[in-house]
Amino acid sequence: IGLSGFLSAHIMTKPLNETFAATPQTVFETMSKLSAKHNSVNLGQGFPDEEGPETMKVIAGKSLMDFHNQYPPMLGLPELREAVAAHSLANQGIACDPASEVVITSGATEGIAACMLGLLNPGDEVIILDPCYDSYVGMAHRAGGVVKPLRLRSDDMSIPLADLEKAFGPKTKLIMFNSPHNPSGKVFSHEEMQAIARLCIQHDVIAVCDEVYEHLTLNGTKHVSLRTLPGMAERSIRLGSAGKTFSFTAWKVGWMTGPSHLLAPIIKAHQFLVFTVPSNLQRAVAHGLNSEANFYRQLGEQLSKKRALLEQPLRDMGFNVLPGEGAYFLVADASKFLRPTETDVDFCQRLTIEAGVTLIPISGFYVSPDPPKQLVRFAFCKDDSKLNTALDKLRAYLLQ
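Our subject in this report is the structure included herewith. (Residues numbered from 1 in each chain as written. Predicted model: local features only at pLDDT ≥ 70, side-chain atom pairs only at ≥ 80, totals over all residues. Heavy atoms only, no water.)

1. Some remarks on the pairing of strand β8 (residues 254–257)
Okay, so step 1: The alternating pattern of β8 places Gly254 and Met256 on one face and Trp255 and Thr257 on the opposite face, and all of these are buried.
Okay, so step 2: Relative to β8, strand β2 (residues 102–105) runs antiparallel, the two being bridged by four bridges. Looking at the pairing, Val102 lines up with Thr257 of β8.
Okay, so step 3: Sheet analysis places strand β7 (residues 236–241) next to β8, joined by four bridges and oriented antiparallel. Directly across from Ser241, in β8, lies its bridge partner Gly254. (Buried < 20%, exposed > 50% of the residue type's maximum accessible area, 1.4 Å probe, protein only. Helix = DSSP H or I, 4+ residues; strand = E, 2+ residues; numbered from the N terminus. Pairing = 2+ DSSP bridges.)

2. Regarding the sheet that holds strand β9 (residues 320–321)
Okay, so step 1: The sheet built from four strands is open, its strands ordered β9-β10-β13-β12 with antiparallel pairing. A single partner strand is all that each edge strand has here, and the edge strands are β9 and β12 (360–361).
Okay, so step 2: As judged from the five bridges shared by strand β10 (residues 329–333) and strand β13 (residues 375–379), these two strands associate in the antiparallel manner. Directly across from Asp333, in β13, lies its bridge partner Leu375.

3. Some points on the packing of helix α5 (residues 78–92) against helix α12 (residues 279–291)
Okay, so step 1: Running from amino to carboxyl end, α5 crosses α12 at an angle of 30°, the nearest separation of the two axes being 9 Å. One finds that α5 runs roughly parallel with respect to α12. Regarding α5 and α12, the two cross each other, and that crossing is left-handed. Between α5 and α12, the contacting residues are Glu79, Leu80, Ala83, Val84 and His87 on the first element and Gln282, Arg283, Val285, Ala286, Leu289 and Asn290 on the second.
Okay, so step 2: For the contact of α5 with α12, the residue count by class is six nonpolar, three polar and two charged. (Axes fitted to C-alpha atoms, helices over the stretch in contact; angles between N-to-C directions. Parallel < 35°, antiparallel > 145°, perpendicular 65-115°, else oblique. Left-handed = near helix turned anticlockwise from the far one by under 90°. Contact = heavy atoms within 4.5 Å. Nonpolar A, V, L, I, M, F, W, Y, C, P; charged D, E, K, R; others polar.)

4. Some words on the packing of aromatic side chains
The description of an aromatic ring pair rests on the distance of the ring centres and on the angle between the ring planes.
Okay, so step 1: Scanning the model with the defined rule gives twelve aromatic pairs in all.
Okay, so step 2: Judged by centre distance (5.8 Å) and plane angle (70°), the ring pair of Phe246 and Tyr296 falls under edge-to-face. Of this pair, Phe246 sits in the loop between α10 (242–245) and β8 while Tyr296 sits in helix α13 (residues 293–297), and the two are 50 residues apart along the sequence.
Okay, so step 3: Accessibility expressed as a relative area gives 0% for Phe246, which makes it buried.
Okay, so step 4: Ring centres 5.8 Å apart and planes at 85° place the aromatic pair Phe319 and Phe378 in the edge-to-face group. One end of the pair, Phe319, is in the loop between α14 (299–317) and β9; the other, Phe378, is in strand β13, with 59 residues separating them in the sequence. Neither Phe319 nor Phe378 differs from the other in exposure class; each is buried. (Phe/Tyr/Trp six-rings, centres within 6.5 Å; stacked < 30°, edge-to-face > 60°.)

The quantities given are spatial measurements derived from coordinates; they are silent on function.
Right, dumping it as structure tokens:
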């Protein structure tokens, strides 16, 4: 038997990791590939066209030459941890010890993974608002957690408080709370957060607060961290992102803040996942937090105008636009335009191929079965010219 025959006769048959081997290609990857193939206007994946302060780019580059390029401290450079702590105090009134209550991560997504691996034991239940950022589910499962999706109302993405109450139980270990919310742009109300805080305290549950869009709030809406509510400071972890705060998504620099007793096992997971984060980017982000607040403070006003640019024209076409007060996503009901038996996935694929505009089907963000199949997401963090081109293409195609 030849070498090729030997190798073909010895193909591995042992199963690979069940969590990740069974995970399908993400909806973002699918739609981005389709967009590239058809050269469409891509309002799918949420990354901004405009980048952050030039000074941060200069510092990131200059730091490669001015400082050594060996492993920085596992928890992050002291100057960035101090900047994160100052940012937390200035914006949310939450004091953090830079030495023991701040960790710099390889983006907030690594922070999510470290939280799941560091906090969960097999069989622990994790409440996740549904729809959600897909990383939550994969990492909760990988850590042995049992995901308990809490379906948000499909007309306004609010939390059904009776269902929230039922979701908590003796096995609940953690709730993943994301506000402003991806994919909907929902900023949850004080009443909703009070209910979550009360149930976390009652059932001794940890809250992991994904607040990467904290500065991306629209039309004067203020972001309030769940960690500021009474009784939540000692049972909450906050996640932040330089990618979202400064529009540098390629840098993958994030941070976690929280009580040292919760961070201790999370830091061990962080150690084995990535250990540390590029020091030149840390120095640039430290400068940004310390000296470039004007950049992120004007994001809300800019994004409010971009959402307005899309919202009324979409309504005029026949889309039913859901409310949204944060992030850079607009969710709309496309029922008027769906053909018989057509789903949101089919509709988005048809728009990409035939209209030249790419959106994201919201059903791809759901964990629970039978998700809504008429909702689509627009990312409006794009140049106005691109948004106007997309509107023109949609009008020409949908209203013909």
